[in-house]
Amino acid sequence: MNSQLRTPVLEGTDLAPFGRLVEAPSDGLTLADVPVDDLLATTLSSKVLVLRGYGLLDVPDLEDYCRAAGELMRWEFGTILDLVVQDDPKNYLFDSGDVPFHWDGAWSERPPRYFLFQCVQGCAPGAGGETVFSDATRVYRDAPEDLRELWARTTVTYRTDRLAHYGGTMTHPVLATHPTTGETTIRYAEPLDPARYRNPLFLTVDGPSSEDAVRAMTELGERLHDPRYCYEHAWRTGDIVVAENHALLHGRNRFTGSTNRHMQRIQII
Ligand SMILES: [Fe+2]
């Protein structure tokens, strides 16, 4: 049994429809004061953990803190991705539009179990840019049996040009088994229409008949976006958010106001 299933979880306030908010009990604490095993155990049970009032760590300290919990994903830019809106980006992650649902590390052999954001510069209220998390395990659990069977027979091939730190062609069944909890989860990345997104993502669906495939994918998209399954995080400067990658899909709402948000992301395998 994974040790995180036995570690006590951090006390806090439940967010809706899932997630937990933990506020620093006193001034002067930083992320380093939160035991990393407790942090991940809480994230495993709540799926999203928001820490507020804890000081952020500089890059070497953040790496050391997360490395104590597991191997870090390493990309050509290192372990920490600076998420900022760029003037003329090649990839949609760095423009001011929305980011459709996906899971992190889909293009890697070993996707991360967790990813952590530090919000260096937040958004003004109403400026958009919220990160949206969809509870894929619950979407699956609540779906009718015939739809679940349809998803179980569906495989998607994804293709995108490598203009950022990922790309190529990959094939994934819609359903997968959560490696820690054993639950059935959904692995799906929404298509990116070339008319709307830089670095588009093209999907080919295999398995069911074409009529059934349309139903499988239409229902999937609608259910993943159902507000009953989605937690939207509006970023404030200083927020630390940890997310459970295997149980969730995530994306971002488009910015409707200032785009000077700055976040740092690190991923733990
Ligand atoms: Fe992501």
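Residues numbered from 1 in each chain as written. Predicted model: local features only at pLDDT ≥ 70, side-chain atom pairs only at ≥ 80, totals over all residues. Heavy atoms only, no water.

Asks: Any chance you could break down the coordination of the iron ion for me, citing the residues and the numbers?
Replies: Between any two of four tetrahedral donors, the ideal angle at the metal is 109.5 degrees; between two of six octahedral donors, it is 90 or 180 degrees. Protein-derived coordination of the iron ion comes from His 102 (NE2), Asp 104 (OD) and His 250 (NE2), at a distance range of 2.2 Å. Counting residues between consecutive donors of the iron ion along the chain gives the motif H-x1-D-x145-H. Linking His 102 in strand S5 (residues 99-102) with His 250 in strand S15 (residues 248-252), this pair joins segments that are 148 residues apart in sequence. Accessibility expressed as a relative area gives 6% for His 250, which makes it buried. (Donors = N, O, S within 2.8 Å, 3.2 Å for Na, K, Ca; no water. Helix = DSSP H or I, 4+ residues; strand = E, 2+ residues; numbered from the N terminus. Buried < 20%, exposed > 50% of the residue type's maximum accessible area, 1.4 Å probe, protein only.)

Asks: Describe in detail the nonpolar core, supporting the description with residues and values.
Replies: Counting residues in each nonpolar core, the largest one holds 51 residues, and the members touching the most others are Val 48, Phe 133, Trp 151, Tyr 158, Ile 186, Tyr 188 and Leu 220. Leave out the neighbours within four places in its chain, and Ile 186 touches Ala 136, Val 139, Tyr 140, Trp 151, Val 174, Leu 175, Leu 220 and Leu 249. Counting residues in each nonpolar core, the second largest holds 24 residues, with Val 36, Leu 44, Leu 72 and Ile 80 among its members. (Core = buried A, V, L, I, M, F, W, Y, C linked by side-chain atoms within 4.5 Å. Contact = heavy atoms within 4.5 Å.)

Asks: How would you sum up the pairing of S15? Please name residues and give values.
Replies: In terms of burial, S15 is largely enclosed, as five of its five residues are buried. Note that S5 and S15 share two bridges and pair antiparallel. Note on S15: the bridge partner recorded for His 102 is His 250. With five bridges connecting them, strand S7 (residues 131-135) and S15 associate as antiparallel partners. Residue pairing in the sheet places Phe 133 in a bridge with His 250 of S15. (Pairing = 2+ DSSP bridges.)

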